Amino acid sequence: QVQLVESGGGLVQAGGSLRLSCAASGRTFSTYVIGWFRQAPGKEREFVGRISGTGASTYYADSVKGRFTISRDNAKNTAYLQMNSLKPEDTAVYYCAAGKWSYDYWGQGTQVTVSS
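Summarised in this report is the structure supplied together with it. Everything numeric here is computed off the predicted structure, so don't read it as measured data.

Cut-offs used in this document
Residues numbered from 1 in each chain as written. Predicted model: local features only at pLDDT ≥ 70, side-chain atom pairs only at ≥ 80, totals over all residues. Heavy atoms only, no water. Salt bridge = Lys/Arg side-chain N within 4 Å of Asp/Glu carboxyl O. Helix = DSSP H or I, 4+ residues; strand = E, 2+ residues; numbered from the N terminus. Buried < 20%, exposed > 50% of the residue type's maximum accessible area, 1.4 Å probe, protein only. Pairing = 2+ DSSP bridges. Axes fitted to C-alpha atoms, helices over the stretch in contact; angles between N-to-C directions. Disulfide = S-S within 2.5 Å. Phe/Tyr/Trp six-rings, centres within 6.5 Å; stacked < 30°, edge-to-face > 60°. Lys NZ or Arg CZ within 6 Å of the ring centre and 35° of its normal.

Enumeration over the complete set of coordinates arrives at 3 salt bridges. A salt bridge links Asp-90 to Arg-38; the shortest N-O distance between them is 2.9 Å. Of this pair, Asp-90 sits in the loop between β8 (78-83) and β9 (92-99) while Arg-38 sits in strand β4 (residues 33-39), and the two are 52 residues apart along the sequence. Relative accessible area serves as the criterion here: at 7%, Arg-38 is assigned to the buried category. Put simply, Arg-67 and Asp-90 hold a salt bridge, and the shortest N to O gap is 2.8 Å.

Quick look at the structure:
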């Protein structure tokens, strides 16, 4: 059982950077895979990337590969999404999610807006 809260969203210019945080409550944070998702107005929710429980393995969608980096600090019960070279099409509400066999727990989301 875990509760997630995203933070760090805001307004940035194209080409800029932003770092999102996903703070978790719960004793077993390190046993959960953390996924990042985003949803733009009028579009379906899109998978961004994920990180394994230990942080040893990451996987990214092609649309963000090379620009975004997922990390985690299990001692702080926090996961991160570092976003570089941002594009207007990255504008969306970003969510983190946690699970073992599926993503059972979701945060409330944080808005990221990239201006041109």
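To continue, consider the sheet that holds β8. What the 4 strands build is an open sheet, ordered β1-β3-β8-β7; its pairing is antiparallel. Either end of the sheet is taken by a strand with one partner, and the two such strands are β1 (3-7) and β7 (68-73). Neighbour to neighbour, the strand axes of the sheet diverge by 15° on average, direction disregarded. Relative to strand β3 (residues 18-25), β1 runs antiparallel, the two being bridged by 5 bridges. When the sheet's bridge partners are listed, Leu-4 is paired in β3 with Ala-24.

Attention now moves to the state of the cysteines. Throughout the structure, instances matching the rule amount to 1 disulfide. One disulfide in the model links Cys-22 with Cys-96; its S-S distance is 2.1 Å. One quick way to see it: the torsion about the S-S bond of Cys-22 and Cys-96 is about 70°, and its sign makes the bridge right-handed. Placement of the pair is Cys-22 in strand β3 and Cys-96 in strand β9, with a sequence separation of 74 residues.

Here we come to the packing of aromatic side chains. Following the criterion strictly, the structure yields 6 aromatic pairs and no others. Taken together, a centroid distance of 6.0 Å and an interplanar angle of 80° make the contact between Tyr-32 and Tyr-105 edge-to-face. On the criterion of sequence distance, the pair formed by Tyr-32 in the loop between β3 and β4 and Tyr-105 in strand β10 (residues 103-106) is long-range, its members being 73 residues apart. Judged by its relative accessible area of 6%, Tyr-32 is buried. Relative to Trp-106, the ring of Phe-37 has its centre 4.9 Å away and its plane inclined at 45°; by these criteria the two rings are tilted. Placement of the pair is Phe-37 in strand β4 and Trp-106 in strand β10, with a sequence separation of 69 residues. According to the relative accessible area criterion, Trp-106 is partly exposed, its value standing at 32%. Grouped by ring-pair contacts, the aromatic residues Phe-37, Phe-47, Tyr-59, Tyr-103 and Trp-106 constitute a single cluster. For Arg-72, the ring lying beneath its charged end belongs to Phe-29, and the centroid distance is 4.5 Å. For Lys-100, the ring lying beneath its charged end belongs to Tyr-32, and the centroid distance is 5.2 Å.

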